[in-house]
Amino acid sequence: MIGFWESILLTVITAATPLLIAALGELIVEKSGVLNLGVEGMMAVGASTGFAVATLTDSSSIGVLAGIAAGMALSLIFALVTLGFAANQVAAGLALTILGLGLAGLLGAKFVGTSRIAIPPIHIPGLSDLPGIGKLVFGQSPFFYLSVVLAVGVAWFLRRTRAGLSLRSIGENHASAHALGLKVLRTRLLAILFGGACAGLAGAYLSLVYTPFWSPGMTAGRGWIALALVVFASWLPLRVFLGAYLFGAATILQMHAQAASMGLPSQALSAFPYIATIVALVLISMRRVGATPAPGSLSTAFVPPR
Amino acid sequence: MNIMVKVAGAAALALGLAGAASAQEKLKIGFIYVGPVGDHGWTYQHDQGRKAIEAAFPGKVETTFIESVPEADSERSIEQLARTGHKLIFTTSFGFMEPTLKVAAKYPNINFEHATGYKRAKNVATYSGKFHEGRYVQGVIAGKMTKTNTIGYVASFPIPEVVAGINAFMLGAQSVNPNVKVKIVWAATWFDPGKEADAAKALLDQGADIITQHTDSPAPLQQAEARGKFAFGQASDMIRFAPKGQLTAIIDDWAPYYVERARVQLEGKWQSQDVWDGFAKGKVKMAPYTNMPDDVKKLAQDTEEAIKSGKFNPFKCPVFDQSGKEVKCEGNGALSDGQILSLNYYVKGIDDKLPK
């Protein structure tokens, strides 16, 4: 029988995971100097396509892959517009959110009203059954483990690999990076595709694990929260992880506070997760002198000089 | 002189034809939805009503809907329908009240129907369902079925309709189980499946074994089903999302009302009014009672019948507020319609503080 606090922690993990995955993808994109405001749209198509394909093939795994592919496909359009045509990134991103939301509704229209069994958490015989921490450490959804691997991987990639260094320098100053011979457009394209894949994966998580059905609007602004997390976390992967979990924990705890009739006004409790996350992340980012500013070339288009 | 007559005659003929042509024009009816049609709940049922209008008057009406309109931003959507020739506009959520009135003031020739509101105008009518009758029946079932004496309530916003629902539910539960308690989480949304699922999880973790909701997605039902507990569907039959968990659902049937209002609009007899029906007129129905023992089913059916026939009123007096004070009864041995529509307090037995 699972303890009360383990139960809350499990719920927090499910709430934070989609935010974390989408935010990590967006982190890479922004570190390469591109501002992708289309995360919400890519999440939506990921959710919609993932659910649709999973229902058609009766396989949630294939659905997840389809969700990732859908996110990548939409981000490819974004890449074409912002890299190929050097269009304004903010406008393109917003347009893609609107396109993504509409497209998701269109693709998912036939599947509204169907339900699936959620992708179950993993179960390692022996380890998962340990009392107390067994379920918490060894019995989580595969997406949680993936999100942790992603967080560690992104941090390691950015700090400790040559490719990560190239990506960061392209994001800081794409003119100098280009002069040094780094492939600006190609790196940004790969970064955008990665961001789209993560957003699509986060979306597929929503519709295949979190609440296993499809309904337009089910992303409910999570893409925007992920975007905000990246900014408030100062573009640092560990802080993104903290921010996502802080937001998830605050959301769940405020509901528990309401359910336990703690007497606090519910409107204040509803606002609490947003306020807490902003305050915490801003405080952390302020403590260091010269906290990491935005990547220097963020949201400026790069047109290779001839 | 001859030419003038001919021109005047041609103009008159053209005008006459134009007049005849516009008489052949279809009546455009617009709908503003607060959520997606795919919520399979509140908005879905309104859309069923819209489809009923199209089926009832083929070739004579043309319906348009705009879904997922945020309440704060609804004025321009309503205005858009007004400006594009729609003569009858349904705004289907409480939060559309002020924007509807604003647009109605600007377009006195267009008729508006506002759901669950309480402000009217010459061209704004209001309509709602006595959902609290269904809530009372749900409360009776929950009171009988709960083993932990704790019911979880996923609520949306503290407006009178929602508060009336909670109160009616508690009164129903208390009538069969005086020890029952309700835990309420305000999700601050009508539709956000993730948040609704989180709220349901929090309530289940806190010991609730039956979940009821005033939000529009099937997410709380799914959570209850996943843990082997029971729940009630909202606004439409959600059994396919919880085949073993759904006890029943309140179904809003707007179709007969919508068809009727379209008819009076077509006949030019539309007038502002306020309509508030429940079981008796078929606007509120209960989904088939499932997953419960036969004696509970019978009790639920009997309660439903009693309310439907008018023999029993869920808010029959005496009604006590949270502090135990008896509320002054302004109806016939029960709270009056006006009192129910402006409920802003909890009844005795609810331990929460109502958010103001």
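> Summarise the overall build of chain A; cite the residues concerned and give the values.
Helix and strand content of chain A: 12 helices and zero strands. Counting from the amino terminus, helix and strand elements in chain A follow one another as α-α-α-α-α-α-α-α-α-α-α-α. Its C-alpha atoms give chain A a radius of gyration of 20 Å, within 12% of the compact-globule value 19 Å for 306 residues. Each principal axis of the C-alpha atoms in chain A carries an extent, and together these give about 65 × 50 × 45 Å. Here chain A holds 306 residues, and 52% of them are scored as buried. Summarising the internal contacts of chain A: among those between residues at least 6 apart in sequence, 78% fall at separations of at least 24.

> Account for the interface of chain A and chain B, naming residues and giving values.
On the side of chain B, 34 residues touch chain A, which itself brings 31 residues to the contact. For the side of chain A that touches chain B, the elements supplying multiple residues, two or more each, are α1 (4–31), α9 (184–210), α11 (237–259) and α12 (266–287) of chain A. Per-element tally for the side of chain A that touches chain B: the top contributor is α11 of chain A, with six residues. Considered class by class, the residues forming the side of chain A that touches chain B number 16 nonpolar, 15 polar and no charged.

> Which residues make up α9 of chain A, and what are the values?
Here α9 of chain A is 27 residues long and its end C-alpha atoms lie 37 Å apart, about the 39 Å a rise of 1.5 Å per residue gives. Of all the 27 residues making up α9 of chain A, 24 are buried; the element is thus mostly covered by neighbouring parts of the structure.

> Quick one: what's the story with the confidence of the model for chain B, residue by residue and with numbers?
Residue and element names in this part refer to chain B. Per-residue confidence for chain B gives a mean pLDDT of 88, with 93% of residues at or over 70. Below a pLDDT of 50 lies the segment residues 18–22, which in the model reaches zero contacts outside its immediate sequence neighbourhood of four places, other chains included. Under the prediction, the complex receives an ipTM of 0.84, its pTM being 0.84.

> Break down the pairing of strand β5 (residues 124–129) of chain B for me, citing the residues and quoting the values.
Residues and elements named next belong to chain B. Summarising burial for β5: six of the six residues are buried, a large majority. Side chains Val-124, Thr-126 and Ser-128 project from β5 onto one buried face, and the interleaved Ala-125, Tyr-127 and Gly-129 project onto a second face that is buried too. In this structure, strand β4 (residues 111–115) lies alongside β5, joined through four bridges in parallel fashion. Bridging from a neighbouring strand, Ala-115 pairs with Tyr-127 of β5. Pairing of β5 with strand β11 (residues 274–277), which is carried by four bridges, proceeds in the parallel orientation. Along β11, the bridge assignment pairs Tyr-127 with Val-275.

> Any chance you could break down the packing of α1 of chain A against helix α6 (residues 142–160) of chain A for me, citing the residues and the numbers?
Residues and elements named next belong to chain A. For the pair α1 and α6, the least separation of the axes is 9 Å and the interaxial angle reads 25 degrees. Comparing the axis directions of α1 and α6 gives the class roughly parallel. Helix-helix and strand crossings are classified by hand; for α1 and α6 the assignment is left-handed. Side by side, α1 and α6 meet where Ile-13, Thr-17, Leu-20, Ile-21, Leu-24, Leu-27, Ile-28 and Lys-31 of the first sit next to Phe-143, Phe-144, Ser-147, Leu-150, Ala-151, Val-154 and Leu-158 of the second. Its residues assigned to classes, the contact of α1 with α6 comprises 12 nonpolar, two polar and one charged.

> Residues and numbers for the nonpolar core, please.
Counting residues in hydrophobic clusters, the biggest one holds 157 residues, and the most contacted among them are Ala-23 and Val-240 of chain A together with Val-185 of chain B. The element that contributes the greatest number of residues to this core is α9 of chain A, accounting for 17 residues. Other than its neighbours up to four places away in sequence, Val-185 of chain B contacts Met-255, Gln-258 and Ala-259 of chain A together with Val-154, Ala-155, Ala-199, Ala-202 and Leu-203 of chain B. Phe-31, Phe-94, Phe-96 and Ala-262 of chain B belong to the second largest nonpolar core, which has 32 residues in total.

> Could you give me a rundown of unusual backbone geometry, with the residues and numbers involved?
All names here are of chain B. Residue Pro-318 follows Cys-317 across a cis peptide bond; omega there is 5 degrees. Its identity as a non-glycine residue notwithstanding, Ser-68 has a phi of 55 degrees, on the positive side. You can call Ser-68 partly exposed: it has 18 C-beta atoms within 10 Å.

How each quantity is defined
- Residues numbered from 1 in each chain as written.
- Chains lettered and ligands numbered in written order.
- Predicted model: local features only at pLDDT ≥ 70, side-chain atom pairs only at ≥ 80, totals over all residues.
- Helix = DSSP H or I, 4+ residues; strand = E, 2+ residues; numbered from the N terminus.
- Rg over C-alpha atoms; globule rule 2.2 N^0.38 Å.
- Buried ≥ 20, exposed ≤ 12 C-beta atoms within 10 Å, placed from the backbone.
- Contact = placed C-beta atoms within 7 Å.
- Nonpolar A, V, L, I, M, F, W, Y, C, P; charged D, E, K, R; others polar.
- Expected span 1.5 Å × (residues − 1).
- pLDDT = per-residue confidence, 0-100.
- Pairing = 2+ DSSP bridges.
- Axes fitted to C-alpha atoms, helices over the stretch in contact; angles between N-to-C directions.
- Parallel < 35°, antiparallel > 145°, perpendicular 65-115°, else oblique.
- Left-handed = near helix turned anticlockwise from the far one by under 90°.
- Core = buried A, V, L, I, M, F, W, Y, C linked by C-beta atoms within 7 Å.

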